[in-house]
Amino acid sequence: MTDHKDAGQLVCVGTGMLLGGHLTPRARHEIEHAEVVYGNFSDGLVERWVEELSKRFVSLQPHYQEGRSRMIGYEGMVEEMLAAARAGQRVCGAFYGHPGVFAWVPHEAIRRARAEGIRARLEPGVSAEDCLYADLGLDPGDCGCQHYEATQFLLYQRRFDPAALLVLWQVGVVGDRSLARFSTGSAQRALLVEVLQRDYPADHRVCLYRAATFPLEQANIRWLTLGDLADAEVDLADTLVIPPARPLTPDAEIRDRLKALEAAGSAG
Ligand SMILES: C[S@@+](CC[C@H](N)C(=O)[O-])C[C@H]1O[C@@H](n2cnc3c(N)ncnc32)[C@H](O)[C@@H]1O
């Protein structure tokens, strides 16, 4: 749709993982210039920091209720931001990390706004993924990297590659089909371990990773065996990182064909 409404707009920004340390100049500009900033931060300190940068700040936290599907809260967040944009306001949605990484609300709000002819876009931020590459010294280019939401990983048959990195998000609520819990237990994690053991040995080293969110804080990095994962303490903010279990397997046929192309002097 090209017929943009004159006034209202929605920009969803990421504030990064680290309080005060990851905010890009573009995200800061949107927060400072919006007529209203809707913020989704679980930490009160982060909320107050963004509030201080804002002309007017509204917390989206009241939309969360334990025991009720998060989707109901998410729907409320999307519609609250859109109502302000529909009323002609310059609206900013501020989300920790990257607003487009494992984040349904910003994507859905942008989709609906655009469908209604309201100018809308995402501004990228530093995500947990970015931090884990830095803190764990991993490069997704070394052997490839796959990311899945942990419960979705359980619920569907996936063809993933144990010769590449595997990153499972929301492992603290793995197996919660109700979307209403803030944590799940060792029984659900045991099921995850069972599924992973189809491709990884029980003594395979995996990492429960939590990026620092406050200056002077260190990243929380816990290496343990896959077999010990079920009984480990897992936080809602932990991400599970599983290094490759086997080396890359060369594809002899494709290598031969590439060699033949080189010999024929084909530049493609
Ligand atoms: C709804 S997603 C939000 C991700 C966020 N948009 C981002 O860019 O990182 C929540 C999940 O992100 C990951 N996460 C959140 N905070 C984290 C942290 N401090 N360190 C590592 N992973 C984190 C966890 O897997 C958590 O379950």
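Residues numbered from 1 in each chain as written. Predicted model: local features only at pLDDT ≥ 70, side-chain atom pairs only at ≥ 80, totals over all residues. Heavy atoms only, no water.

Description of the domain arrangement of the chain
Assigned domains within the chain: domain 1 (9-126) and domain 2 (129-242). Here the C-alpha centre of domain 2 lies 26 Å away from the C-alpha centre of domain 1. Counting residues at the interface gives 18 residues for domain 1, matched by 17 residues for domain 2. Between domain 1 and domain 2 lies a buried interface of about 1500 Å² when both sides are counted; carbon and sulfur atoms form 67% of it. The interface formed by domain 1 and domain 2 includes zero salt bridges. The interface formed by domain 1 and domain 2 holds five residue pairs in polar contact (both at pLDDT 80 or more) in total. Within the side of domain 1 that touches domain 2, the residues separate by chemical class into nine nonpolar, five polar and four charged. (Domains from an automatic or database assignment. Contact = heavy atoms within 4.5 Å. Buried area = accessible area lost by both parts, 1.4 Å probe. Salt bridge = Lys/Arg side-chain N within 4 Å of Asp/Glu carboxyl O. Polar contact = N/O pair within 3.5 Å; in protein donor to acceptor, adjacent residues only side chain to side chain. Nonpolar A, V, L, I, M, F, W, Y, C, P; charged D, E, K, R; others polar.)

Regarding the pattern of salt bridges
Applying the stated criterion across every chain, the model contains 14 salt bridges. For Arg112, the salt bridge identified is with Glu75, shortest N-O distance 2.8 Å. Taken as a pair, Arg112 in helix α4 (residues 104-115) and Glu75 in helix α3 (residues 70-86) lie far apart in primary sequence, 37 residues in all. Taking the relative accessible area as the measure of exposure, Glu75 reaches 33% and is therefore partly exposed. In this structure, Glu79 engages Arg112 in a salt bridge whose closest nitrogen and oxygen atoms are separated by 2.9 Å. Here Glu79, found in helix α3, pairs with Arg112, found in helix α4; they are 33 residues apart in sequence, far enough to count as distant. When its relative accessible area of 28% is taken as the criterion, Glu79 is described as partly exposed. What emerges from the salt-bridge pattern is a single network uniting Glu75, Glu79, Arg86, Glu108, Arg111, Arg112 and Glu116. (Helix = DSSP H or I, 4+ residues; strand = E, 2+ residues; numbered from the N terminus. Buried < 20%, exposed > 50% of the residue type's maximum accessible area, 1.4 Å probe, protein only.)

Here we look at the sheet that holds strand β6 (residues 145-149)
Spatially, β6-β7-β10-β8-β9 is the arrangement adopted by the five strands of the open sheet, whose pairing is mixed. Across the chains shown, the open sheet's two edge strands, defined by having one partner strand only, are β6 and β9 (220-225). Across the sheet, the axes of successive neighbouring strands diverge by a mean angle of 20°, strand direction being ignored. Note: strand β8 (residues 205-210) against strand β10 (residues 239-242), three bridges, orientation antiparallel. Bridging across to β10, Leu208 finds its partner in Leu240. Running over the sheet, helix α5 (residues 128-136) touches β6, β7 (165-169), β8, β9 and β10 and is turned about 125° from β8. (Pairing = 2+ DSSP bridges. Axes fitted to C-alpha atoms, helices over the stretch in contact; angles between N-to-C directions.)

Some points on the site of the ligand
By nearness alone, 18 residues border the ligand, and His98, Val101, Ala128, Ala211 and Thr239 come closest of all. Between the ligand and Gln170, the relevant distance is 3.0 Å, taken from an oxygen atom to a main-chain nitrogen or oxygen of the residue. One of the backbone nitrogen or oxygen atoms of Ala211 is found 2.7 Å away from a nitrogen atom of the ligand. Coverage of the ligand by the protein chains reaches 92% of its 570 Å² of free accessible surface. (Near = heavy atom within 4 Å. Areas by Shrake-Rupley, 256 points an atom, 1.4 Å probe, with all protein chains shown as cover.)

Digging into the pairing of β8
Regular strands have side chains that alternate between both faces of the sheet. In this sheet, β9 lies alongside β8 in antiparallel orientation, the contact comprising six bridges. Looking at the pairing, Cys207 lines up with Trp223 of β9.

Topic: α4
Taking 1.5 Å as the rise per residue, α4 with twelve residues should run 16 Å; its terminal C-alpha atoms sit 17 Å apart, in good agreement. Every buried residue of α4 is listed here: Val105, Pro106, Glu108, Ala109, Ile110 and Ala113. Gly117 sits one or two residues past α4 and shows a positive phi near 85°. (Expected span 1.5 Å × (residues − 1).)

Observations regarding the sheet that holds strand β5 (residues 119-123)
Taken together, the five strands give an open sheet; going across it, the order is β3-β2-β4-β1-β5, and neighbouring strands pair in parallel fashion. Looking along the sheet, the strands with just one partner apiece sit at the ends: β3 (57-59) and β5. Geometrically, the sheet is characterised by an average inter-axis angle of 20° between neighbouring strands, direction not taken into account. As judged from the six bridges shared by strand β1 (residues 9-14) and strand β4 (residues 90-95), these two strands associate in the parallel manner. Looking across to β4, one finds that Cys12 is bridged to Gly93. Sheet strands in contact with α4 are β1, β4 and β5, and its direction is about 155° off that of β5.

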